[in-house]
Amino acid sequence: MKKQITFYFYIFLFNIFNLTINNIYVAYSFSLYSNNFIAQDTDNFNKIGEALGDLDNDSIPEKVVVYDTNKETEFGTQRKIHIFKKTENSWTLWEKNTGAVLPSKHGGVWGDPFQEINIENGAIKIYHFGGSRYKWQYIHQYKYLENDWKLIEATVEFGAFCDYYETLNYNLITGNIIYKKEEEKCDRANNINQEKEIVESLEFTQKLEQPPNMNGFYPGNNEIVIPQNNTTIYY
């Protein structure tokens, strides 16, 4: 009887070992497939930005890469964002997003509007700049909330040298909006610039039902109307 129990016990251990080996093989195969898929998917892409930082509060840094896809659109080549998680000694694709980084010629006379991407306080932060005489700058922050990437904050600066500058900061989680307008007068004949003077400073709330998703969001294509002066700002 003891010999029979011992025999079945060894059979049990063998099955457990075999199952463990199979699971390791499947995980390894999936990792190879995932990495090969990423490589094929980005074969024709050019990397134009990268950032490292913890995005999901697990103390393990993620990697965010901005690619130029070389795919032509109305305003230049399309950009994509790939977000990677670290699994052992390799990077595994977590998310892919399109739209949050503007196309290559959307900056007007300044050319490529994309300036920088970084990770700050668990959020992805993307900077754009463009325009002509009147210049604009966008700073958008995205965070992983409710199993999706959401826009949580937008900052817009718009204006021209020796004229006026508008600044708007929009917290899309609380709905709080801070707007400021400054005027700058210049003595062009004597090449003298005066200090900027704040002519309007407003604060109000405009909360959306849901913050926009990062995927498909188009910077500068979303408007806020300042109720106190009927000014429209695009973020």
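A few points on the structure. (Residues numbered from 1 in each chain as written. Predicted model: local features only at pLDDT ≥ 70, side-chain atom pairs only at ≥ 80, totals over all residues. Heavy atoms only, no water.)

## Some words on unusual backbone geometry
(1) Moving on: Notably, serine 59 is not glycine yet its phi reads approximately 65°, a positive angle.
(2) Moving on: Following the sequence through the fold, serine 59 ends up in the loop between strand E1 (46-53) and strand E2 (62-73).
(3) Moving on: Judged by its relative accessible area of 69%, serine 59 falls in the exposed class.
(4) Moving on: At asparagine 230, a residue that is not glycine, the phi angle is positive and equals roughly 65°.
(5) Moving on: Structurally, the position occupied by asparagine 230 is in the loop between strand E14 (223-226) and strand E15 (231-234). (Helix = DSSP H or I, 4+ residues; strand = E, 2+ residues; numbered from the N terminus. Buried < 20%, exposed > 50% of the residue type's maximum accessible area, 1.4 Å probe, protein only.)

## Thoughts on the state of the cysteines
(1) Moving on: Summed over the entire model, instances satisfying the criterion amount to one disulfide.
(2) Moving on: Two residues share a disulfide in this structure: cysteine 162 and cysteine 186, whose sulfurs sit 2.0 Å from each other. On the sign convention where negative means left-handed, the S-S torsion of about -95° between cysteine 162 and cysteine 186 marks this disulfide as left-handed. With cysteine 162 in the loop between strand E8 (148-159) and strand E9 (164-171) and cysteine 186 in strand E11 (residues 186-187), this residue pair connects regions lying 24 residues apart in the sequence.
(3) Moving on: By relative accessible area, cysteine 186 is classed as partly exposed at 22%. (Disulfide = S-S within 2.5 Å.)

## Description of the pairing of E8
(1) Moving on: Sheet topology places strand E7 (residues 135-145) next to E8; 11 bridges connect them, and they run antiparallel. The partner of isoleucine 139 across the bridge, within E8, is threonine 155.
(2) Moving on: What sits between the antiparallel neighbours E7 and E8 is a turn of two residues, in which glutamate 146 has the positive phi angle 50°.
(3) Moving on: Where E8 lies against E9, seven bridges are found, and the strand directions are antiparallel. Within E9, the residue paired with glutamate 157 across the bridge is threonine 167. (Pairing = 2+ DSSP bridges.)

## Focus on the nonpolar core
(1) Moving on: The biggest cluster of nonpolar side chains holds 34 residues, and the ones touching the most others in it are Ile81, Ile124, Ile126 and Tyr235.
(2) Moving on: The element that contributes the greatest number of residues to this core is E8, accounting for four residues.
(3) Moving on: With residues near it in sequence (within four places) discarded, isoleucine 124 still touches Leu55, Val64, Ile83, Ile117, Asn118, His140, Gln141, Tyr142, Trp149 and Met214. (Core = buried A, V, L, I, M, F, W, Y, C linked by side-chain atoms within 4.5 Å. Contact = heavy atoms within 4.5 Å.)

## Brief notes about the environment of glutamate 200
(1) Moving on: Position of glutamate 200 relative to the elements: it lies in strand E13 (residues 197-205).
(2) Moving on: On the basis of relative accessibility, which here comes to 25%, the residue glutamate 200 falls in the partly exposed class.
(3) Moving on: Placed 29 residues apart in sequence, glutamate 200 and asparagine 229 show a C-alpha to C-alpha distance of 9.6 Å.
(4) Moving on: Looking at glutamate 200, its side chain comes within polar contact range of the side chain of asparagine 229, at 3.0 Å. (Polar contact = N/O pair within 3.5 Å; in protein donor to acceptor, adjacent residues only side chain to side chain.)

## Overview of the packing of aromatic side chains
(1) Moving on: A full pass over the atoms with the stated rule returns 12 aromatic pairs.
(2) Moving on: Ring geometry for tyrosine 170 against tyrosine 235: centres 5.5 Å apart, planes inclined by 85°, an arrangement best described as edge-to-face. With a gap of 65 residues between them, tyrosine 170 in strand E9 and tyrosine 235 in the segment after E15 connect regions that are remote in the sequence. The same class applies to tyrosine 170 as to tyrosine 235, namely buried.
(3) Moving on: Aromatic ring contacts, followed pair by pair, group Tyr142, Tyr170, Phe217 and Tyr235 into a single cluster.
(4) Moving on: Above the plane of the ring of tryptophan 91 lies lysine 86, whose end atom (NZ or CZ) is 5.1 Å from the centre.
(5) Moving on: We note lysine 196 situated over the ring of tyrosine 165; from NZ or CZ to the ring centre the distance is 4.0 Å. (Phe/Tyr/Trp six-rings, centres within 6.5 Å; stacked < 30°, edge-to-face > 60°. Lys NZ or Arg CZ within 6 Å of the ring centre and 35° of its normal.)

## Some details on the pattern of salt bridges
(1) Moving on: By the definition in use, this model includes seven salt bridges.
(2) Moving on: For lysine 47, the salt bridge is made with glutamate 50, and the minimal N-O distance between the two is 2.6 Å.
(3) Moving on: Connected via shared salt-bridge partners are Asp56, Glu62 and Lys85. (Salt bridge = Lys/Arg side-chain N within 4 Å of Asp/Glu carboxyl O.)

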